[in-house]
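# Chain and residue survey
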Amino acid sequence: MATPLSMEWVLITNGKEQRLNDEDNLFEIVFEGYRIFPLNEKLEIKRTLKSEQLGAGIIEELTFKNHFTYCKYRLVSLHSVN
């Protein structure tokens, strides 16, 4: 059976991100399935697919394990505090 894989250009968090470090805006989010994002490129960050852009981030690390994608990203700009 094939394993699903998707290429993503927008990081959609659904509010499930966790801050790893307060000092340098490093976050981690875990996705079910395997997702590929461009590394070291500025990407839009949205809370949901239909919401406005929340900010921008740079993916620093992707790890694939047991049908999950672990994504570490750095928030580089924030459009709103809400």
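Quick caveat, the model's predicted, so the values are computed rather than measured. (Residues numbered from 1 in each chain as written. Predicted model: local features only at pLDDT ≥ 70, side-chain atom pairs only at ≥ 80, totals over all residues. Heavy atoms only, no water.)

## Topic: the packing of aromatic side chains
Summed over all chains, the structure comprises 3 aromatic pairs. Each ring, one from Phe 31 and one from Phe 37, has its centre 5.7 Å from the other, and the planes form 35°; the classification is tilted. Accessibility classification places Phe 31 together with Phe 37 in one group, the buried group. Judged by centre distance (5.8 Å) and plane angle (85°), the rings of Tyr 34 and Phe 64 are edge-to-face. (Phe/Tyr/Trp six-rings, centres within 6.5 Å; stacked < 30°, edge-to-face > 60°. Buried < 20%, exposed > 50% of the residue type's maximum accessible area, 1.4 Å probe, protein only.)

## Quick word on the nonpolar core
Side chains that are nonpolar tend, in soluble globular proteins, to be buried together. Ranked by size, the top nonpolar core spans 12 residues in total: Leu 11, Phe 27, Ile 29, Phe 31, Phe 37, Leu 43, Ile 45, Leu 54, Ile 59, Cys 71, Tyr 73 and Leu 75. Apart from the residues within four sequence positions on either side, Leu 43 is in contact with Trp 9, Phe 37, Pro 38, Gly 55, Ala 56, Gly 57 and Ile 59. (Core = buried A, V, L, I, M, F, W, Y, C linked by side-chain atoms within 4.5 Å. Contact = heavy atoms within 4.5 Å.)

## Some words on the side chain of Thr 13
Examined against the element boundaries, Thr 13 turns out to sit in the loop between β2 (10–12) and β3 (18–21). The exposure class assigned to Thr 13 is buried, which follows from its relative accessible area of 1%. Residue contacts for Thr 13: discarding those within four places in its chain leaves Ile 29, Ile 45, Lys 46, Arg 47 and Tyr 73. (Helix = DSSP H or I, 4+ residues; strand = E, 2+ residues; numbered from the N terminus.)

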